[in-house]
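Chain and residue survey
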Amino acid sequence: GINAEYMGSDYGESRKTIAGRRRAKQAEIQEQADSIADLDAQIHELRKAREEAHSAKIRLEREMEELSQQDQQRKTRLDDALIQLTGLKDTQKRLRTQAEGIKETDRTLKTLLWGISDQIKQQFVSLEHNWRAWSPQDIVHWLCRLEGGRFAVYEATLSNAFRREDVAGEDIPAVTNSDLRIWGVANFTHRHDILRCFQVLVQGHRTASRPSGESDLEEWLGKVGLGEFVEPMQAHA
């Protein structure tokens, strides 16, 4: 009876021990399972972080590529600008050279014009000295070249009137205000000025004398009927 009681007591203790070990083992297993779950969660987070880092790397590489392209474009534009600047400098040099050439041409042109003015002056003086021998057309031609062609509007009218009435150079002193009005010069001021030119001619004064200075050359060219030279001179001024 004693052995049976002892054996029963020992068996009960063994069962408790086994149950305690089992619970400890289960707790250990649960702890390990929790650790594994934590590790899985950490691995998941690490994978997620890795994917985000990879995506960030790709975006960064794209941005770097875009920046590199933009930098290349800026360099290209800068190179183009430098080429244009070089071209502009060359153009500026060429224009300066052309300007010097134009100035030289201007000086040559003015020298030629002064020579022409001397020749025309001599012709006009010679012509005006022989005004008595003028034909009707000579009178009209002379009038239309005075004062830059101011009276050229009457060229056809006066040509017809002078031919019709056979007005020659020797008749100039006898021309009156009424005559000019009858011949078609309706403007009073123009009649007065034409008569004044006739008086100056008859009295022997030069109506187309050479200009006294370079500044008067353009005005003089107009008066002697060479107004077409004025614009080229202004263009080279």
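Our subject in this report is the structure included herewith.

Here is what the cut-offs are and how they apply
Residues numbered from 1 in each chain as written. Predicted model: local features only at pLDDT ≥ 70, side-chain atom pairs only at ≥ 80, totals over all residues. Heavy atoms only, no water. Helix = DSSP H or I, 4+ residues; strand = E, 2+ residues; numbered from the N terminus. Buried < 20%, exposed > 50% of the residue type's maximum accessible area, 1.4 Å probe, protein only. Phe/Tyr/Trp six-rings, centres within 6.5 Å; stacked < 30°, edge-to-face > 60°. Patch = residues over 30% accessible without salt bridge, like charges linked within 9 Å, V, L, I, M, F, W, Y side chains within 5 Å. Areas by Shrake-Rupley, 256 points an atom, 1.4 Å probe, with all protein chains shown as cover. Salt bridge = Lys/Arg side-chain N within 4 Å of Asp/Glu carboxyl O. Lys, Arg positive; Asp, Glu negative; His and termini not counted. Charge placed at Lys NZ, Arg CZ, Asp CG, Glu CD. Contact = heavy atoms within 4.5 Å.

1. Regarding unusual backbone geometry
Across residues other than glycine, the phi torsion is negative in most instances, and most of the peptide bonds are trans. Phi angles above zero are rare outside glycine, and Glu 147 is one such case at about 50 degrees. With respect to the helices and strands, the residue Glu 147 is situated in the loop between α2 (136-145) and α3 (155-165). Although it is not a glycine, Asp 166 sits at a positive phi angle of roughly 55 degrees. With respect to the helices and strands, the residue Asp 166 is situated in the loop between α3 and α4 (177-182). Accessibility expressed as a relative area gives 57% for Asp 166, which makes it exposed.

2. Some details on the packing of aromatic side chains
The final tally for this structure, using the stated rule, is 3 aromatic pairs. Taken together, a centroid distance of 5.4 Å and an interplanar angle of 50 degrees make the contact between Trp 134 and Trp 142 tilted. Residue Trp 134 shares its accessibility class with Trp 142, and that shared class is buried. Aromatic pair Phe 162 and Trp 183: ring centres 5.0 Å apart, planes at 85 degrees, arrangement edge-to-face. Of this pair, Phe 162 sits in helix α3 while Trp 183 sits in the loop between α4 and α5 (188-202); the two residues are 21 residues apart in sequence, bridging distant segments of the chain. Among the residues examined, Phe 162 registers a relative accessible area of 1% and is labelled buried. Residue Trp 183 is classed as buried on the basis of its relative accessible area of 6%. Linked through ring pairs, Trp 134, Trp 142 and Phe 198 together constitute an aromatic cluster.

3. As for a negative patch on the surface
A cluster of acidic residues, Glu 28, Glu 31, Asp 34, Asp 38 and Asp 40, forms a negative patch on the protein surface. On the secondary structure map, Glu 31 appears in helix α1 (residues 2-129). Assessed through its relative accessible area of 54%, Glu 31 is described here as exposed.

4. Description of α3
Within the span of α3, buried status applies to Leu 158, Ser 159, Ala 161 and Phe 162. Of the surrounding elements, those touching the buried residues of α3 are α2. A positive phi of about 55 degrees marks Asp 166, the residue just after α3.

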